Amino acid sequence: MFDLKLLKRIDWFTILLVVGLVTFGIISIASIMAKPFTGEESSIGDYAAKLNLVYVKKQAVNFMIGLAAFLIILIFDYQQVFKPLIKYAYIGNVALLLLLIALDKTQRGITGWFVFEAIDRAIQPAELCKICIIIGLSKIVSEDMDRHEGKLKSFRSILYAALICVGPTILVMMQPDFGTAFVYLCIMIMVFFIAKISWGYIAAAAGLVAAGLPLAYFFLFNEDQQYRIKVFLNPELDVQNKGYNVAQSKIAIGSGQLYGKGYFSSGTLAQLRFVPERHTDFVFAGIVEGVGFVGGTILILAFFVLIFRWLWIAMHSKDYFGMCLVAGAAGMLLAHVFENIGMTMGLMPVTGIPLPFISYGGSNLLTNMIAVGIVENVWMRRPAKK
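Here we summarise the structure given alongside this text. Computed from a predicted model, the values in this text were never measured in an experiment.

Some details on the overall build of the protein
So, point 1. For the protein, the helix and strand inventory stands at 13 helices and two strands.
So, point 2. In terms of C-alpha radius of gyration, the protein reaches 21 Å, essentially the compact-globule figure of 21 Å for 386 residues.
So, point 3. Across the 386 residues that make up the protein, the buried fraction comes to 51%.
So, point 4. Long-range pairs, those at least 24 residues apart, make up 74% of the contacts in the protein between residues at least 6 apart in sequence.
So, point 5. Carbon together with sulfur atoms contributes 68% to the accessible area of the protein, which is approximately 18900 Å² in total.
So, point 6. Of the side-chain charges in the protein, 32 are positive and 25 negative, and the distance between the mean point of each set is 8 Å.

Observations regarding the packing of aromatic side chains
So, point 1. Evaluation of the coordinates by the stated rule reveals six aromatic pairs.
So, point 2. With a centroid separation of 6.1 Å and an interplanar angle of 20 degrees, the aromatic rings of F24 and Y263 are classed as stacked. With F24 in helix α1 (residues 12-32) and Y263 in the loop between α10 (244-255) and α11 (283-315), this pair connects stretches of sequence that are 239 residues apart.
So, point 3. When its relative accessible area of 21% is taken as the criterion, Y263 is described as partly exposed.

Overview of the packing of helix α7 (residues 178-194) against helix α12 (residues 320-344)
So, point 1. Two elements in contact, α7 and α12, have axes separated by 8 Å at closest approach and are oriented at 140 degrees. Comparing their axes, α12 and α7 come out oblique. By crossing handedness, the relation of α7 to α12 is classed as right-handed. Residues F182, V183, C186, I187, M190, V191 and I194 of α7 touch α12, and the partners they reach there are M323, C324, A327, G328, G331, M332, L334, A335, H336, F338 and E339.
So, point 2. The residue inventory of the contact of α7 with α12, partitioned by class, reads 14 nonpolar, three polar and one charged.

Let's talk about the pattern of salt bridges
So, point 1. A complete count under the given rule lists six salt bridges for this structure.
So, point 2. R147 is the salt-bridge partner of D144, the closest N and O atoms lying 3.3 Å from each other. Of this pair, D144 and R147 are both found in helix α5 (residues 125-147), three residues apart, which corresponds to roughly one turn of the helix.
So, point 3. E289 serves as the salt-bridge partner of K261, at 3.0 Å between the closest nitrogen and oxygen. Of this pair, K261 sits in the loop between α10 and α11 while E289 sits in helix α11, and the two are 28 residues apart along the sequence.
So, point 4. Under the relative-accessibility criterion, K261 is labelled partly exposed at 32%.
So, point 5. Taking the relative accessible area as the measure of exposure, E289 reaches 1% and is therefore buried.

Some details on the nonpolar core
So, point 1. Counting residues in hydrophobic clusters, the biggest one holds 104 residues, and the most contacted among them are V141, F303, W310, L325 and F357.
So, point 2. Among the elements that take part in this core, α11 stands out by supplying 14 residues, more than any other.
So, point 3. Discounting chain neighbours no more than four positions away, the residues touching V141 are L152, A161, V191, F192, A195 and C324.

Quick notes on helix α6 (residues 155-173)
So, point 1. Under the 1.5 Å per step criterion, the end-to-end length of α6 is 26 Å for 19 residues, consistent within 8% with the ideal 27 Å.
So, point 2. Those residues of α6 lying buried are S157, I158, A161, A162, I164, C165, P168, T169, L171 and V172.
So, point 3. Elements in contact with the buried residues of α6: α4 (78-103), α5, α7 and α8 (199-219).
So, point 4. Measuring from the side-chain oxygen of the N-cap residue of α6 to the backbone nitrogen of R156 gives 3.3 Å; that N-cap residue is S154.

As for the side chain of S28
So, point 1. With respect to the helices and strands, S28 occurs in helix α1.
So, point 2. Beyond its immediate stretch of four places on either side in the chain, S28 contacts Y263 and I287.

Side note on the side chain of D77
So, point 1. Summarising the element assignment, D77 is placed in the loop between α3 (54-75) and α4.
So, point 2. Setting aside anything within four residues of it in sequence, one finds D77 in contact with F82, K318, N377 and R381.

Topic: the environment of N245
So, point 1. Relative to the helices and strands, N245 resides in helix α10.
So, point 2. Classification of N245 by relative accessible area gives partly exposed; the value is 24%.
So, point 3. Put simply, N245 and G346 are 101 residues apart on the chain and 9.6 Å apart in space, counted from C-alpha to C-alpha.
So, point 4. Beyond its immediate stretch of four places on either side in the chain, N245 contacts P276 and F282.

Comments concerning the environment of L74
So, point 1. Looking at the secondary structure, you find L74 in helix α3.
So, point 2. On a C-alpha basis, the gap between L74 and G342 in space is 33 Å, while along the polypeptide they are 268 residues apart.

Details of the packing of α5 against helix α13 (residues 362-380)
So, point 1. It is at 7 Å that the axes of α5 and α13 come closest, and there the two elements cross at 25 degrees. When the axes of α5 and α13 are compared, the pair comes out roughly parallel. Each of E127, L128, K130, I131 and I135 in α5 lies in contact with α13, whose residues at this interface are S363, N364, L366, T367, I370, A371 and I374.
So, point 2. Across the contact of α5 with α13, the residue classes break down as seven nonpolar, three polar and two charged.

A look at unusual backbone geometry
So, point 1. Of note, the bond from Q175 into P176 is cis; its omega dihedral lies within 30 degrees of zero at -5 degrees.
So, point 2. Its place among the elements puts P176 in the loop between α6 and α7.
So, point 3. Look at Q257: it is not a glycine, yet its phi comes out positive at around 50 degrees.
So, point 4. Structurally, Q257 can be placed in the loop between α10 and α11.
So, point 5. Q257 gets classed as exposed once you look at its relative accessible area, which sits at 62%.
So, point 6. Phi angles above zero are rare outside glycine, and F357 is one such case at about 70 degrees.

Here is what the cut-offs are and how they apply
- Residues numbered from 1 in each chain as written.
- Predicted model: local features only at pLDDT ≥ 70, side-chain atom pairs only at ≥ 80, totals over all residues.
- Heavy atoms only, no water.
- Helix = DSSP H or I, 4+ residues; strand = E, 2+ residues; numbered from the N terminus.
- Rg over C-alpha atoms; globule rule 2.2 N^0.38 Å.
- Buried < 20%, exposed > 50% of the residue type's maximum accessible area, 1.4 Å probe, protein only.
- Contact = heavy atoms within 4.5 Å.
- Areas by Shrake-Rupley, 256 points an atom, 1.4 Å probe, with all protein chains shown as cover.
- Lys, Arg positive; Asp, Glu negative; His and termini not counted.
- Charge placed at Lys NZ, Arg CZ, Asp CG, Glu CD.
- Phe/Tyr/Trp six-rings, centres within 6.5 Å; stacked < 30°, edge-to-face > 60°.
- Axes fitted to C-alpha atoms, helices over the stretch in contact; angles between N-to-C directions.
- Parallel < 35°, antiparallel > 145°, perpendicular 65-115°, else oblique.
- Left-handed = near helix turned anticlockwise from the far one by under 90°.
- Nonpolar A, V, L, I, M, F, W, Y, C, P; charged D, E, K, R; others polar.
- Salt bridge = Lys/Arg side-chain N within 4 Å of Asp/Glu carboxyl O.
- Core = buried A, V, L, I, M, F, W, Y, C linked by side-chain atoms within 4.5 Å.
- Expected span 1.5 Å × (residues − 1).
- Polar contact = N/O pair within 3.5 Å; in protein donor to acceptor, adjacent residues only side chain to side chain.

Laid out in structure tokens, this is it:
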């Protein structure tokens, strides 16, 4: 039975910040997806006639579904429920990833979605697998920390935890979805880091990565992926094709200048559809065009405040399992923010990673809301103050 007194210990700072980000995202999608404004609009009706609310309504439904998942996660004690069920959830999720590869139905260049045309919805198992990896890693790592005075020392546990992450990573790379694979690895790194893994293992891993990247480039990446990397390193190589998205994104970001053109205003490149994927992967470009450098900086600061808040919660959890859970969620959020904003500015390769709580997308928003539920679950069950 759920103790209602636990609700008094909820972290309202996280709740308010997440709701604020989702609300800002919906408003941003409404402005970006609107028909181009001319500047001659004078009434509410004139503005309303230009709005395209299809994605706004869908994103609102996505948030309600995510909110329901968030509330369900709060009910169950993470120690009593997450540990025994994670094995079955992990196996089921891996099975879905294998099924996607077997079906080989491509959407947006990858075989990443189960599409349900009857209800105009799709689900991306790779997104939900992030939660499975967070819980699976946390279980293995925390149990080893319990045995070794708060440090991850056992080579067997490290190997087992790495395999938990590497398996889905290989499967999503076969889709191919290298952005999600990057997030999986960032989750593992964050959990290992907070578990105080030996620097010897870190040095060995860094050496393997340094040796493996050239091998992956020549033997794992196909010609298209190799060409994308060449364009990333030299944007002028193919501005009209592979480099088009980033080029248009940087133009939109630059056109926002210091304070932006404003939302629901005339002459924005996002509304004129010069920015591809403007409501999903490149939503940050449309946002900065509207709110400028100042607004974009505030948005980035809001994300990092949330990340540091979660790390603070991790350090104040009642056990190592809760600490690893929250650290994994923070690692997932950090990877998304770093990769998405970096690729819109040409600082990171384009991998199709959405901006958390902002970009349109049901599976990603659901995953993020589950992560929020996990963080709140750990925080509500923290040790009582003496």
